[in-house]
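Residue strings, one per chain:
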Amino acid sequence: MSTIQCIFCLEEKLPSKEHVFPDSLGGLLVIHDVCKECNDKLGGKVDYHLVDHGLMQLARFAKRLKGKKGTIPNPLSVGKSIDDPDMTLRYKHTNDGTPETLYVVPNVIPNNDGKYRVMVDASEPDKLVETVNKVLNRNGLESMTKEEVFSRAKYEKIENPRVNIKMELDMHSYQKAIVKIIYEMTYFWLGKDYLNDKMATKIRNYILSNELELDKLIGNVELVNDKKDFLTNFAHSDSHIAMLIKNKNRISCYINVFNNFHGSLVITENAYLYKNVSSRFLLNDTKEKLLRECSLAEEITRKSDEFSKNWIKD
């Protein structure tokens, strides 16, 4: 197998398969210009913060996108019952994302009168006996038989349980993963000459560093939220898009992931070095498993035609 120049460490090494948009997010575009060492390192250090971000876990759960371990993340797995704050509930689903059951997590709650409230799921009666006896033994009391425990147990069926689930969303670490996608998309469009660009060096150094702030780069990365603009009109919740935009001496690259995260960076201030490069557009449709690339002008025309047809129809 022949070697390649890795676009991150710039050393001559064996190639590996690199998904520009992470495979776990339904990424279809693949390049082979990243060495295995950098691929593994950046996968755990950089991609992880995007792939396992709370919003991305919700998207992967809804779209049933499996990770490398073949499972679908479940960000809604554990929460507190709204009707009974002492009750912790676990929402289980199969590996393919099919809802399975709502499970009561075993819990022991001490009361003010020195007694204890023991909660277990009805599907595990033996767990109730085990838990009760652990509490008794811990307090120097004799164990109870199964019959004694069940005689004091109360079975309760909750119709339409309501669950309160708290999620903590990272607001910074995911940014580097978006920048990494921008860098790889830029390399895909501009080629090997881009590796020597001054701006490429800045972006590459940022990706490989421990820095989170984008101070030395020109652009921004953020949550889309309600910040809809001209560029977000090209995206939808089942796709990732990328754009290469030429504007005089600058070329910028815009990335949008599931219309949840987006970012735009100036990737060079020397557009004249890339005379044969025009503004480009790429769509990675995760639902239809479709990868489509064209000029940005063609995509704008297609979008305008689509808007006109919908307007006439309405």
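**With respect to helix α6 (residues 198-208)**
Looking only at α6, the buried set comprises Met 199, Ala 200, Ile 203, Arg 204, Tyr 206 and Ile 207. Seen end-on, α6 carries its buried residues on one side only, within an arc spanning 160°. Looking at the buried residues of α6, the elements they touch are α1 (36-51), α5 (174-190) and β14 (261-268). Taking the backbone nitrogen of Met 199 as reference, a side-chain oxygen 2.9 Å away marks Asp 197 as the first, capping residue of α6.

**Brief notes about the pairing of strand β7 (residues 99-104)**
Strand direction decides the pairing type here: strand β6 (residues 88-93) and β7, joined by five bridges, are antiparallel. The partner of His 93 across the bridge, within β7, is Pro 99. The loop that links β6 with its antiparallel partner β7 comprises five residues; one of these, Gly 97, has a positive phi angle of about 90°.

**Considering a nonpolar patch on the surface**
A contiguous nonpolar surface patch, about 240 Å² in accessible area, is contributed by Met 167, Leu 169 and Met 171. Assignment of secondary structure puts Met 171 in the loop between β10 (163-164) and α5. Take Met 171: its relative accessible area is 42%, and that puts it in the partly exposed class.

**What about the sheet that holds β6?**
In space, the four strands of this open sheet follow the order β7-β6-β5-β10, with antiparallel pairing throughout. Single-partner strands in this sheet number two, and they are β7 and β10. Examined bridge by bridge, strand β5 (residues 78-81) and β10 share two bridges and lie antiparallel to one another. What sits directly across from Lys 80, in β10, is Asn 164.

How each quantity is defined
- Residues numbered from 1 in each chain as written.
- Predicted model: local features only at pLDDT ≥ 70, side-chain atom pairs only at ≥ 80, totals over all residues.
- Heavy atoms only, no water.
- Buried < 20%, exposed > 50% of the residue type's maximum accessible area, 1.4 Å probe, protein only.
- Helix = DSSP H or I, 4+ residues; strand = E, 2+ residues; numbered from the N terminus.
- Arc of directions from axis to C-beta.
- Contact = heavy atoms within 4.5 Å.
- Polar contact = N/O pair within 3.5 Å; in protein donor to acceptor, adjacent residues only side chain to side chain.
- Pairing = 2+ DSSP bridges.
- Patch = residues over 30% accessible without salt bridge, like charges linked within 9 Å, V, L, I, M, F, W, Y side chains within 5 Å.
- Areas by Shrake-Rupley, 256 points an atom, 1.4 Å probe, with all protein chains shown as cover.
- Salt bridge = Lys/Arg side-chain N within 4 Å of Asp/Glu carboxyl O.

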